[in-house]
Amino acid sequence: MVSRIVHTSKMTWVLDPNAPMLGPVANGGTIVARVSPGCWGAMITPDYASGHEVTHPIAVEGAEVGDAVCLKIKKINVLSLATTSGTDSFVEGNYVGDPFVAKRCPGCGEINPKTYVEGIGEDAIKCDKCHTSVKPFHLDNGYTMLFNEERSFGITVPPELAKEIAEQAQYFSALPPESCQYSSNLLAKGDIPGVLTRVRPMVGNIGSCPAVALPSSHNAGDFGSFLLGAPHQYALTEEELIKRTDGHMDVNEVREGTILIVPVKVPQAGIYVGDVHAMMGDGEIAGHTTDVSAEVILEVQVIKGLTLEGPLLLPHLEDLPYLARPYSEEEKVKAQRLAQANHCAVETEIYPVQVLGTGADLNKATQNGVERMSALIGFSIAEVKNRATITGSIEIGRLPGVVQVTMLTPASILQKLNLLEIYQEKYGH
């Protein structure tokens, strides 16, 4: 039965197009999702084949392959009281090919073994079968961050307080009951105490179900490239990797009030959300940031016949590159005067189109984004490069391979794509 509002806290690790979906939610309806933290909690949980735990995909009424779904992010409420994160290194012998996907017990050799917790710290998670510590990752430089009651800022705490938080790890993480991950707070790290930062929550993994089974953390061109010819059950070919939907983008502009338009590559789309961060700088240079439990509220709208390979993002005006910000009426008048005086035409009804590109590295991600923009808008690749250079920008979403390609685009093109009303709603007429 179709519902106007779908509440969910059911979590999954692998996005499988053949698995039954939740819902469906009505076209124009609302998804209210309670999500668990993203990276480190899932990374230290050997039982499951992913570096992320996300909501189970939700069907959208009327969404067919070749359509798109507009997601309006209405609210992001941070629920965690504290989180632990930092830079990582892989622990040799504790994984096969990919420590996010195929974690290996160094004692008995079991892949993704069932485990239990004994104590705190990096060695606290142990194999059910042989009782050996299973640690696919080492937290090289780590911190535990405590948030204020309003979730407006956070401070990193000293080691003694990190250990106290670790003793109540799940409580401070506010894990949903359906979550299967261990809390990252178990790690009890306090290497850089006294750091103050603002909370500006964003969603790192959000979108539609890919057309091939993927660990949710690998639904992007950079992490997905780890699966090419991999020595485990989720190995992919180049052709299969194209079936991804690039939900794991880690773009910090994906925050409350923004609009994300995602491709439909399986019937009914399968919208999911997870990996909320309390804050993140461009590029996520540490590889990880402050993963938190959160409540995310989305409005969904099907856009018929809009075929996309990856997401489009409509950021807040202040988050747009300077050259890609829409022109004021005063600027438009001056531009028309200049054009008329010189007997030439000028485009003034233009809007900022931002396409996500992903790949194994930043060069490949940029090429992917430029090609996607060219296919969507209908300009040649050379023209896209010129327009993105003089009316937009190439920005780094996440290292090693997520970028945002932005350029101002004529309203007439957006009208043909059935997108103009959405852009006018976000940026004004």
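## Remarks on the sheet that holds strand β13 (residues 196-198)
Then comes step 1: Strand order in the open sheet formed by 4 strands is β8-β11-β12-β13, with antiparallel pairing between adjacent strands. Two strands close off the open sheet at either side, each with one partner strand: β8 (82-90) and β13. Taken pair by pair, the neighbouring strands of this sheet meet at an average axis angle of 30°, ignoring direction.
Then comes step 2: Summarising the sheet, strand β11 (residues 137-147) and strand β12 (residues 153-156) pair through 3 bridges and their orientation is antiparallel. The residue bridging Phe147 from the neighbouring strand is Gly154, located in β12.

## Considerations on the packing of helix α7 (residues 362-377) against helix α8 (residues 381-391)
Then comes step 1: Where α7 contacts α8, the two axes come as close as 9 Å, and the packing angle between them is 105°. With respect to their mutual orientation, α7 and α8 come out roughly perpendicular. Between α7 and α8, the contacting residues are Gln367, Val370, Glu371, Met373 and Ser374 on the first element and Ile381, Val384 and Lys385 on the second.
Then comes step 2: Split into classes, the residues belonging to the contact of α7 with α8 amount to 4 nonpolar, 2 polar and 2 charged.

## Section: unusual backbone geometry
Then comes step 1: A cis amide bond links Gly23 with the next residue in sequence, Pro24, at an omega value of 10°.
Then comes step 2: Here Pro24 lies in strand β4 (residues 22-35).
Then comes step 3: In this structure, Pro400 follows Leu399 across a cis peptide bond, with omega equal to 10°.
Then comes step 4: Positive phi is not limited to glycine here, since Asp250 has a value of about 50°.
Then comes step 5: Judged by its relative accessible area of 2%, Asp250 is buried.
Then comes step 6: For His343, which is not glycine, the phi torsion reads 55° and is therefore positive.
Then comes step 7: Inspection of the secondary structure puts His343 in the loop between α6 (329-341) and β20 (350-358).

## Observations regarding empty space enclosed by the protein
Then comes step 1: This structure, assessed with the given rule, holds 2 cavities of 30 Å³ or more.
Then comes step 2: As a volume, the largest cavity reaches approximately 60 Å³.
Then comes step 3: Trp40, Ile44, Gly121, Glu122, Ile125, Val134, Lys135, Pro136, Phe137 and Leu187 together form the lining of the largest cavity.
Then comes step 4: Looking at the lining of the largest cavity residue by residue, the class counts come to 7 nonpolar, 1 polar and 2 charged.
Then comes step 5: Here the second largest cavity defines a volume of roughly 40 Å³.

## Observations regarding the side chain of Thr144
Then comes step 1: Here Thr144 shows up in strand β11.
Then comes step 2: Since its relative accessible area comes to 0%, Thr144 is described here as buried.
Then comes step 3: A polar contact of 3.0 Å, which involves the side chain of Thr144, links it to the side chain of Thr84.
Then comes step 4: The residues touching Thr144, leaving out its near neighbours within four places in the chain, are Thr83, Thr84, Ile155, Thr156, Val157, Ala162, Ile165, Asn185, Ala188 and Lys189.

About the criteria used
Residues numbered from 1 in each chain as written. Predicted model: local features only at pLDDT ≥ 70, side-chain atom pairs only at ≥ 80, totals over all residues. Heavy atoms only, no water. Pairing = 2+ DSSP bridges. Helix = DSSP H or I, 4+ residues; strand = E, 2+ residues; numbered from the N terminus. Axes fitted to C-alpha atoms, helices over the stretch in contact; angles between N-to-C directions. Parallel < 35°, antiparallel > 145°, perpendicular 65-115°, else oblique. Contact = heavy atoms within 4.5 Å. Nonpolar A, V, L, I, M, F, W, Y, C, P; charged D, E, K, R; others polar. Buried < 20%, exposed > 50% of the residue type's maximum accessible area, 1.4 Å probe, protein only. 1 Å grid on protein atoms, 1.4 Å probe; cavity = no way out; pocket = protein on both sides within 12 Å on 5 of 7 lines; lining within 4 Å. Points joined across faces, edges and corners; volume = space filled by probe spheres on them. Polar contact = N/O pair within 3.5 Å; in protein donor to acceptor, adjacent residues only side chain to side chain.

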